[in-house]
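Single-letter residue listing:
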Amino acid sequence: MKISTSYPYPVLFMNNDDYVDSSFHAEIDVKELFGEVVIYVTYHLDNKEMLGLIEEEACTFILHVEYGQTSYRRIFPTTKVNQEIHIPSDKLRGKVELFSFVTANTTIENYTNSNLNDFYKGAPIVFEKGNIMAIGDAIETTLFEDDVDLLNLPSIIKVTQSERSEYMEVDITQDLLIVSLPKYEYEQYIHNRKSVLKQTILSNVFLPSLVQVFSKLDESYDFEDSTWYQVLEKIFAENNIRIEEVGTDSLSALKAAQMVLRKPIKTSFEEIEKESSHREGEA
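Here the structure is a predicted model, which means the values were calculated and not measured. (Residues numbered from 1 in each chain as written. Predicted model: local features only at pLDDT ≥ 70, side-chain atom pairs only at ≥ 80, totals over all residues. Heavy atoms only, no water.)

K.L.:
Requested: an account of the side chain of threonine 200, with residues and values cited.
P.N.:
Tracing the chain through its elements places threonine 200 in helix H3 (residues 198-214). The contacts of threonine 200, once residues within four sequence positions are left out, are Ser268, Glu271 and Ile272. (Helix = DSSP H or I, 4+ residues; strand = E, 2+ residues; numbered from the N terminus. Contact = heavy atoms within 4.5 Å.)

K.L.:
How would you summarise the sheet that holds strand S8 (residues 157-161) if you had to cite specific residues and measurements?
P.N.:
The mixed open sheet is built from 3 strands, whose spatial order is S8-S10-S9. Whereas interior strands pair on both sides, the edge strands pair on one side only; in this sheet they are S8 and strand S9 (169-171). Neighbour-to-neighbour, the strand axes of the sheet open up by a mean angle of 25°, direction not taken into account. Docked against the sheet, helix H2 (residues 183-192) engages S8 and strand S10 (177-181), running at close to 125° with respect to S8. Each of S8, S9 and S10 touches H3; the most contacted strand, S10, lies at about 125° to it. (Pairing = 2+ DSSP bridges. Axes fitted to C-alpha atoms, helices over the stretch in contact; angles between N-to-C directions.)

K.L.:
Can you explain the sheet that holds strand S3 (residues 59-67)? Please cite residues and give values.
P.N.:
The strands making up a sheet associate through hydrogen bonds between their backbones, and the pairing can be parallel or antiparallel. Strand order in the open sheet made by the 4 strands is S4-S3-S6-S7, with antiparallel pairing throughout. On the outer flanks of this sheet lie strand S4 (72-78) and strand S7 (132-143), each paired with one strand and no other. Ignoring which end each strand starts from, the neighbouring axes of this sheet average 15° apart. One ladder, built from 9 bridges, connects strand S6 (residues 94-104) with S7; its direction is antiparallel. Note on S7: the bridge partner recorded for phenylalanine 99 is alanine 138. Its contacts with the sheet put helix H1 (residues 48-55) on S3, S6 and S7, and the angle it makes with S3 is roughly 85°.

K.L.:
Residue-level account of the pattern of salt bridges, with values.
P.N.:
A full pass over the atoms with the stated rule returns 7 salt bridges. Residue lysine 95 is joined to glutamate 140 by a salt bridge in which the shortest nitrogen-to-oxygen separation is 4.0 Å. Of the two residues, lysine 95 is situated in strand S6 and glutamate 140 in strand S7; the sequence distance between them amounts to 45 residues. (Salt bridge = Lys/Arg side-chain N within 4 Å of Asp/Glu carboxyl O.)

K.L.:
Talk me through the nonpolar core; I want residue IDs and the actual numbers.
P.N.:
Counting 45 residues, the largest nonpolar core has Ile39, Met50, Val65, Tyr111 and Met133 as its most contacted members. Secondary-structure elements contributing two or more residues to this core are strand S1 (23-33), strand S2 (36-46), H1, S3, S4, strand S5 (82-88), S6 and S7. With residues near it in sequence (within four places) discarded, tyrosine 111 still touches Tyr19, Met50, Leu53, Leu116, Ile125, Phe127 and Met133. Counting 34 residues, the second largest nonpolar core, distinct from the first, contains Phe34, Leu177, Leu202 and Val246. (Core = buried A, V, L, I, M, F, W, Y, C linked by side-chain atoms within 4.5 Å. Buried < 20%, exposed > 50% of the residue type's maximum accessible area, 1.4 Å probe, protein only.)

K.L.:
Pulling in residues and values, what's your account of the packing of H3 against helix H6 (residues 264-282)?
P.N.:
Across the interface, H3 lies against H6 with an axial gap of 8 Å and an inter-helix angle of 150°. When the axes of H3 and H6 are compared, the pair comes out roughly antiparallel. Every pair of crossing elements has a handedness; the one defined by H3 and H6 is left-handed. Every residue of H6 that contacts H3 at Lys198, Gln199, Thr200, Ser203 and Leu207 is listed here: Pro264, Ile265, Thr267, Ser268, Glu271 and Ile272. Here the contact of H3 with H6 is built from residues that sort into 4 nonpolar, 5 polar and 2 charged. (Parallel < 35°, antiparallel > 145°, perpendicular 65-115°, else oblique. Left-handed = near helix turned anticlockwise from the far one by under 90°. Nonpolar A, V, L, I, M, F, W, Y, C, P; charged D, E, K, R; others polar.)

K.L.:
Pulling in residues and values, what's your account of the packing of aromatic side chains?
P.N.:
One pass over the structure, following the stated rule, counts 10 aromatic pairs. For the pair phenylalanine 119 and tyrosine 120, a centre-to-centre distance of 5.1 Å together with 90° between the ring planes defines the contact as edge-to-face. Between tryptophan 228 and tyrosine 229, the ring centres sit 5.9 Å apart and the planes meet at 70°, which makes this aromatic pair edge-to-face. We classify tryptophan 228 as buried; its relative accessible area is 0%. (Phe/Tyr/Trp six-rings, centres within 6.5 Å; stacked < 30°, edge-to-face > 60°.)

K.L.:
Can you break down a nonpolar patch on the surface residue by residue, with the values?
P.N.:
Taken together, the side chains of Ile265, Phe269 and Ile272 make up a nonpolar region of the molecular surface, amounting to roughly 280 Å² of accessible area. Along the chain, phenylalanine 269 falls in helix H6. Note on phenylalanine 269: relative accessible area 56%, which makes it exposed. (Patch = residues over 30% accessible without salt bridge, like charges linked within 9 Å, V, L, I, M, F, W, Y side chains within 5 Å. Areas by Shrake-Rupley, 256 points an atom, 1.4 Å probe, with all protein chains shown as cover.)

K.L.:
I'd like a rundown of unusual backbone geometry, residues and numbers included.
P.N.:
Even without a glycine there, the phi angle at glutamate 57 is positive, about 65°. Secondary-structure assignment places glutamate 57 in the loop between H1 and S3.

K.L.:
Explain a negative patch on the surface to me, using residue names and the numbers behind them.
P.N.:
Judged by side-chain charge, Asp222, Glu224, Asp225 and Glu233 come together as a negatively charged surface patch. Tracing the backbone through its elements, the reader meets glutamate 224 in the loop between H3 and helix H4 (227-237). Given the relative accessible area of 49%, glutamate 224 is considered partly exposed. (Lys, Arg positive; Asp, Glu negative; His and termini not counted. Charge placed at Lys NZ, Arg CZ, Asp CG, Glu CD.)

In structure tokens, the structure reads:
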């Protein structure tokens with residue numbers, strides 16, 4: 001994306017003198033966590049009157065995210081100085097560009113600002129909706145392919161049929177995690193695990209299983225030699241989390257399970273919605 005530096009109206013920008021004693025920049029931090037690109041932004045706008053317009057929602061902070069290889073371009077508006085953006089990792093790979101702006105959220109007529117350069121004093125200024133009012137930092141970052149296929153979890157979870165119990169059970173004392181399902185549930189799992197509802201089926205089995213696992217990590221039993229423990233420890237380490245934090249007040253077992261499975265409840269509902277829409281279209 002090329003940013004124009006020439007506008008028919010004043011723009012707060014480090015490379016011009018349209019404003020005095022004013023500045024705008026954004027601190028941008030990008031992390032990859034559990035199949036998502038997470039972008040943390042803190043906006044710093046030193047111009048009282050423009051900040052007032054943002055508080056009134058007449059204008060807004062904008063982060064523009066662009067990935068040229070897939071033509072992914074999205075803007076993320078906010079009126080808050082702190083912003084957290086989550087994007088699935090498969091949408092952004094390789095070189096990604098991020099740009100920060102303040103843009104008009106509505107038509108702003110008879111714009112005035114006490115920090116305008118004298119050149120603009122007394123001149124009629126109008127911002128149409130979408131016009132850029134301030135230009136902040138632009139950064140470029142390179143994101144790499146995720147080397148952990150988290151729904152490779154079947155490699156450490158063995159699903160079996162229970163001959164006795166009417167309820168799902170999880171054995172965490174073996175080298176692999178052994179999930180036992182009652183006969184009917186097991187048959188449905190086997191029949192549907194590769195269907196259009198694959199993610200939903202896996203979530204129904206894996207999510208409660210991992211919650212059970214993570215709630216037991218602080219027990220005296222030594223799990224560290226188990227393959228399942230080593231794989232999960234590696235997954236958390238690659239996302240800058242110590243597995244010892246899992247199941248504590250700082251990272252609950254339920255949240256940890258959802259992180260490892262990459263928001264399985266949302267994925268399941270999206271899958272169900274897609275299948276429901278398909279069936280409605282055939283009706």
